[in-house]
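So the chains spell out like this:
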Amino acid sequence: MTDIIWGIVTKVIANNKFEINVTHRKDENMNVYDDNEIVNFTEIDIMSLPTDPSLRTIEQIEDAIKDKFIKCEIVMRSDDKTLNCKVFHSGAGGY
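Residues numbered from 1 in each chain as written. Predicted model: local features only at pLDDT ≥ 70, side-chain atom pairs only at ≥ 80, totals over all residues. Heavy atoms only, no water.

A few points about the side chain of asparagine 84
So, point 1. Mapped onto the elements, asparagine 84 comes out in strand 5 (residues 83–89).
So, point 2. A polar contact of 3.3 Å, which involves the side chain of asparagine 84, links it to the side chain of asparagine 40.
So, point 3. Excluding its chain neighbours within four sequence positions, the residues that come into contact with asparagine 84 are Asn40, Thr42, Glu73, Ile74, Val75, Met76 and Ser78. (Helix = DSSP H or I, 4+ residues; strand = E, 2+ residues; numbered from the N terminus. Polar contact = N/O pair within 3.5 Å; in protein donor to acceptor, adjacent residues only side chain to side chain. Contact = heavy atoms within 4.5 Å.)

Looking at the environment of valine 22
So, point 1. Along the chain, the position of valine 22 falls in strand 2 (residues 17–25).
So, point 2. Classification of valine 22 by relative accessible area gives buried; the value is 4%.
So, point 3. As a C-alpha pair, valine 22 and lysine 71 span 49 residues in sequence and 9.7 Å in three-dimensional space.
So, point 4. The contacts of valine 22, once residues within four sequence positions are left out, are Ile5, Trp6, Gly7, Asp34, Asp35 and Glu37. (Buried < 20%, exposed > 50% of the residue type's maximum accessible area, 1.4 Å probe, protein only.)

Focus on the environment of arginine 25
So, point 1. Along the chain, arginine 25 turns up in strand 2.
So, point 2. Each C-alpha atom, one on arginine 25 and one on asparagine 84, is 16 Å from the other, the two residues being 59 residues apart in sequence.
So, point 3. Non-local contacts of arginine 25, meaning those with residues more than four positions away in its chain, are made with Ile4, Ile5, Trp6, Tyr33, Asp34 and Asp35.
So, point 4. A polar contact is formed between the side chain of arginine 25 and the backbone oxygen of tyrosine 33, at a distance of 3.0 Å.

Written as structure tokens, this is what we have:
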């Protein structure tokens, strides 16, 4: 079963990396997640972003996800402690 966290994106670091303030965690998560995590996204399903990662700019990513409530499906935690995730906008209820 996939671990999932939700929260507000506080800072876009690179074309595929951001900081999230984790506000919700799935009850069935197998691992523990800090209140602030760095996410490296392996996939992002945000309609306003180009599907080809090479066409995305940091500005586009900031417009699409900064200060937004985001769902992250965790794939793994890297050796450098960042989370590799699939990223989605979350609905009005957050889930």
